[in-house]
Amino acid sequence: MTSRARRTVTVTWPEANTRRMARQHLSGPAPGVSAADAVGAMLGAHAQVLSAAELSVGLRGEGLTRTDVRTALWADDPARRTLVKTFGPRGTVHLLPVADLPLWTGALSAVPTGPNPFPKDTRMTAGQVEEVVAAIGEALTGTELTVDELSEEVVARTGPWAGDLVMPGFQAMWPRWRQVLHLAGHRGALAYAPNRGRRATYTNPGYTPLPGAEARAALVERYLYAYGPAAPAHFARWLAAPKRWADGLFASLADSGAIEEVAFEAPGPAWVVAGDTNFPAEPVRGVRLLPYFDAFAIASQPRERLFPGRAYERALGGGQAGNYPVLLVDGTVAGVWHQRRSGRRIAVTVEPLEPLPAARLRALEDEVERVGTVMEGRAELTVGAVSVGPHA
């Protein structure tokens, strides 16, 4: 008896890139897409700079504006809050859909951490970490606290050691417990609440994480749906997780039949969700502007195909995506841009790497107008050199 080998689907870069753009709602403004829908499709909107997250989200839905994003985050009626601001992939601040928070917290809290980066006299024991995370969850239940108020509560619940000023912060020393602030977010014990004046506040969102194995599998499948085909190394880089752990996770999902291998432009095997092997034949067309740390620019791999030639040097910071807002032409990074706001006026400077023909310039003008609409201002385009540095 002979066995027939399963046919491996071959996927080209243009096919993968076009499908990713469509699934990210970047092929064109998508009607009926809510702020939470857009964030879910992106697998989180990087929100260290909230205005960049507002633009990332707004550009993906027809008629979405920054007010829609703010309403989804901070509506007076908690039932209308469909987004949450918390610590997401890579331990960085993200917007995530409220409905997906059990999945995210279940997955992120199950990701193994690397070597402790803190000096020995700064670190906490495993037991102290658990004490602090529990104290954070208790202190924030049913209330909203600034970081200083939260610090007082954590120290009162654990001990003076938690308040030792041993963590270098922004022109100050922070208390020891703050090294696990993001971990409390990953465990579902902490999320951002509306600002009190200019001061950030935190609360306990009250969601129970999904079991780790279930959540990890679901996150891989969502990642592959949005950014596949992808290799375990790509997933590990996006999540800031150990590569060996990602290799084992993908292997177990392949054994269970949840994901399948395809031939793609990446070293080693690449994977998609099982059965998800339909790709568009026509390449993506159009001009798009993506802000700082847009999820598409960060997660899409291989990076040298999205940032070809000069774009790799001009639009990346030491190979790191997200530090420059980027111009996409036909789904490929073709320049950088910058915006400066003064009142309602938004001065947009776009630096193409190659001269744009008249039709592309008209499309760029339309895209700049969309930026103004999303950000509720009046955008004005200048085509020329961007003189500011990364993340300015």
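Refer to the structure above for everything that follows.
Rules and cut-offs
Sequence positions are assigned chain by chain, starting from 1 and proceeding in written order. Local features in this predicted model are restricted to residues whose pLDDT is 70 or higher, and side-chain atom pairs enter the listing and the counts only when it is 80 or higher, whereas totals over whole chains, interfaces and linings include all residues. The side-chain figures draw on all heavy atoms in the structure; neither hydrogens nor water molecules are used. By definition here, a salt bridge exists when the distance from a side-chain nitrogen of Lys or Arg to a carboxyl oxygen of Asp or Glu is within 4 Å. In this text, helices come from DSSP runs of H or I with a minimum length of four residues, and strands from runs of E with a minimum of two, each type numbered from the N-terminal end. The buried label applies to any residue whose accessible area, calculated with a 1.4 Å probe on protein chains only, is under 20% of its type's maximum; exposed applies above 50%, and partly exposed to all values in between. Fitted lines through C-alpha atoms give the axes, limited to the stretch in contact for helices. The angle between two N-to-C directions lies from 0 to 180 degrees. Small angles under 35 degrees read as roughly parallel and large ones over 145 as roughly antiparallel, with 65 to 115 read as roughly perpendicular and the rest as oblique. Contact between two residues is taken to exist if any of their heavy atoms lie within 4.5 Å; hydrogens are not considered. Under the convention adopted here, Pro, Cys and the residues Ala, Val, Leu, Ile, Met, Phe, Trp and Tyr are nonpolar, Asp, Glu, Lys and Arg are charged, and Gly plus all remaining residues are polar. Following DSSP output, two strands are said to pair if at least two bridges run between them.

1. Description of the pattern of salt bridges
Counted by the stated rule, this structure contains 22 salt bridges. Where Arg157 meets Glu138, a salt bridge forms, and the shortest distance between an N and an O atom there is 3.6 Å. Of the two residues, Arg157 sits in helix α7 (residues 147–158) while Glu138 sits in helix α6 (residues 126–140), which places them 19 residues apart along the sequence. Given a relative accessible area of 38%, Arg157 falls into the partly exposed group. Of the charged contacts in the structure, one is a salt bridge between Glu149 and Arg196, with a shortest N-O distance of 2.9 Å.

2. Side note on the packing of helix α9 (residues 212–227) against helix α10 (residues 232–239)
The packing of two helices is summarised by the inter-axis angle and the distance between the axes. The interhelical angle for the contact between α9 and α10, taken along N-to-C directions, is 105°, at an axis separation of 11 Å. One finds that α9 runs roughly perpendicular with respect to α10. Between α9, through Leu219, Val220 and Tyr223, and α10, the contact on the second element is made entirely by His234, Phe235, Trp238 and Leu239. Residue classes in the contact of α9 with α10 are distributed as six nonpolar, one polar and no charged.

3. Some remarks on the sheet that holds strand β12 (residues 326–329)
Read from one edge to the other, the open sheet built from five strands follows the order β11-β12-β13-β14-β15, with strand pairing classed as mixed. Because the sheet does not close on itself, it has two edges, and the strands there are β11 (287–290) and β15 (378–383). On average, adjacent strands in this sheet sit at an angle of 30° to one another, irrespective of strand direction. Pairing between strand β14 (residues 345–352) and β15: six bridges, direction parallel. For Ala347, the partnering residue across the bridge sits in β15 and is Glu380. Lying on the sheet, helix α15 (residues 358–374) is in contact with β11, β12, β14 and β15; it crosses β11 at an angle near 40°.

4. Let's talk about the sheet that holds strand β4 (residues 145–146)
Read across the open sheet, the three strands follow the order β4-β8-β7; overall the sheet is antiparallel. In the strand order of this sheet, the two ends are held by β4 and β7 (191–196), each with one partner. As defined by bridge partners, β7 adjoins strand β8 (residues 199–203) across four bridges and the pair is classed as antiparallel. Looking at β8, one finds that Tyr192 is bridged to Tyr202.

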